[in-house]
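A closer look at the structure
Next come the chains, spelled out residue by residue.
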Amino acid sequence: MLGLDISSSSVKLVELSRNAAGQYVLERCAIEQLESGWIADGTIVNFDEVAEAIRRVVKKSGAKTKNVAMALPPSAVITKKIVLPGGLTDMELELQVEAEANQYIPFPLDEVSLDFCVIGPTANSTGDVDVLIAASRREKVQDMQGLAEAAGLTPVIVDVESYASRTAASRLFESLPDRGAGAIVALFEVGALTTSLQVIRDEEVLYERDQAFGGAQLTQLIVGQYGFSLEEAESKKRSGDLPDDYESSVLRPFLETMVQEVSRALQFFFTSTPHNKVDYVMLAGGASALSGLTEAVTQQTTFACKLLNPFEGMEMGSNVRLKKMKREESSYLTSCGLAMRRFL
């Protein structure tokens, strides 16, 4: 199964397998850029162009697999943890979930796609179980399915972006001391338009927040400074083909703003929860790989900061172009988590 992450700025594809020892193997990965405005606020505006970009990214990767896992942004999904009696049959569970869902979902149930999973026994209530329900407007799910089918793929799973990125990140937390047990990790994903924060401890999300800040702002600064078109600026940003004063005039001020945004998001976490520190700050997403960012975050916040590579510890397949992959690896967190769904 392919993991396909469709964001406002690009389509990212990952295909994984496992070797005889059970270790993940990265078989393929590829990115295809989308033009600004093709996807706006999680809504697909230019359907045919996005479907064509998906076809291109599949062709570029060389993947022959048709089954695909995709994801919706958290803003398009309502999730709720509920408590139900243990020992119910699947049919009884389904009926109970539908009855409960009516309270939390502000749309008629025949207009939504609804799913649930049993998380495990409820901590303070013997005999009960925690159940996670997730619901989205049916047209949002159908848009995703339609995109995959228009690109010649078979949609098998529609996940939630933040859940997929946690799936990929939780594998990496195991390399922390004590396999990450008890550690509070602030996971920042820096997208083109939005930076999302999830604070996680032992697979539980303590706090979530999205900020309207991302790598597209660096592109805009380049446009403003040098008069390039938006497409030129984006291309030069990726290739590094920029004037000599770029680092001092554009990049450094952008990094300072980004560090402030990270620091501010952490302050919101501290003021709205009982916590006053995190053990690690972890960064992912295209703009997170900018030189000097992790050091600047550590200096500003005093917390250890690390750039996440979702492929860390994986074997590399023969189709992976290592140099290109190394440049883009932090962008693949969500698509890697989606590809991992094949084995979970």
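Since the model is a prediction, treat every value here as computed from it, not as a measurement.

Quick word on the pattern of salt bridges
Enumeration according to the criterion identifies 17 salt bridges in this entry. A salt bridge links Arg341 to Asp159; the shortest N-O distance between them is 2.8 Å. Separated by 182 residues along the polypeptide, Arg341 in the segment after helix H10 (333–340) and Asp159 in strand E10 (residues 154–160) bring together distant segments of the chain. Of the residues examined, Asp159 reaches a relative accessible area of 10% and is grouped as buried. The partner of Glu234 in a salt bridge is Lys237, and the shortest N-O contact between them spans 3.7 Å. Taken together, the residues span about one helical turn, with Glu234 and Lys237 both in helix H6 (residues 230–239) at a distance of three residues. Residue classification places Glu234 among the partly exposed residues on the basis of a relative accessible area of 22%. In this structure Lys237 comes out as partly exposed when scored by relative accessible area, which is 23%. Through salt bridges with shared partners, a single ionic network connects Glu32, Arg56 and Lys60.

Some thoughts on unusual backbone geometry
In this structure, Arg179 takes a positive phi of about 55° despite not being glycine. With respect to the helices and strands, the residue Arg179 is situated in the loop between helix H4 (161–173) and strand E11 (184–190). Since its relative accessible area comes to 57%, Arg179 is described here as exposed. In this structure, Asp202 takes a positive phi of about 50° despite not being glycine.

Notes on the sheet that holds strand E8 (residues 112–121)
Within the open sheet, the three strands sit side by side as E7-E9-E8. Their pairing is antiparallel. Each having just a single partner strand, strand E7 (77–85) and E8 make up the two edges of the open sheet. Going from strand to strand, the sheet's axes swing by 25° on average, the running direction of each strand aside. Pairing analysis gives nine bridges linking E7 to strand E9 (residues 128–137), with the strands arranged antiparallel. Its bridge partner lying in E9, Leu84 is registered against Val129. Lying on the sheet, helix H3 (residues 138–150) is in contact with E8 and E9; it crosses E9 at an angle near 75°.

What counts and what doesn't
Residues numbered from 1 in each chain as written. Predicted model: local features only at pLDDT ≥ 70, side-chain atom pairs only at ≥ 80, totals over all residues. Heavy atoms only, no water. Salt bridge = Lys/Arg side-chain N within 4 Å of Asp/Glu carboxyl O. Helix = DSSP H or I, 4+ residues; strand = E, 2+ residues; numbered from the N terminus. Buried < 20%, exposed > 50% of the residue type's maximum accessible area, 1.4 Å probe, protein only. Pairing = 2+ DSSP bridges. Axes fitted to C-alpha atoms, helices over the stretch in contact; angles between N-to-C directions. Contact = heavy atoms within 4.5 Å.

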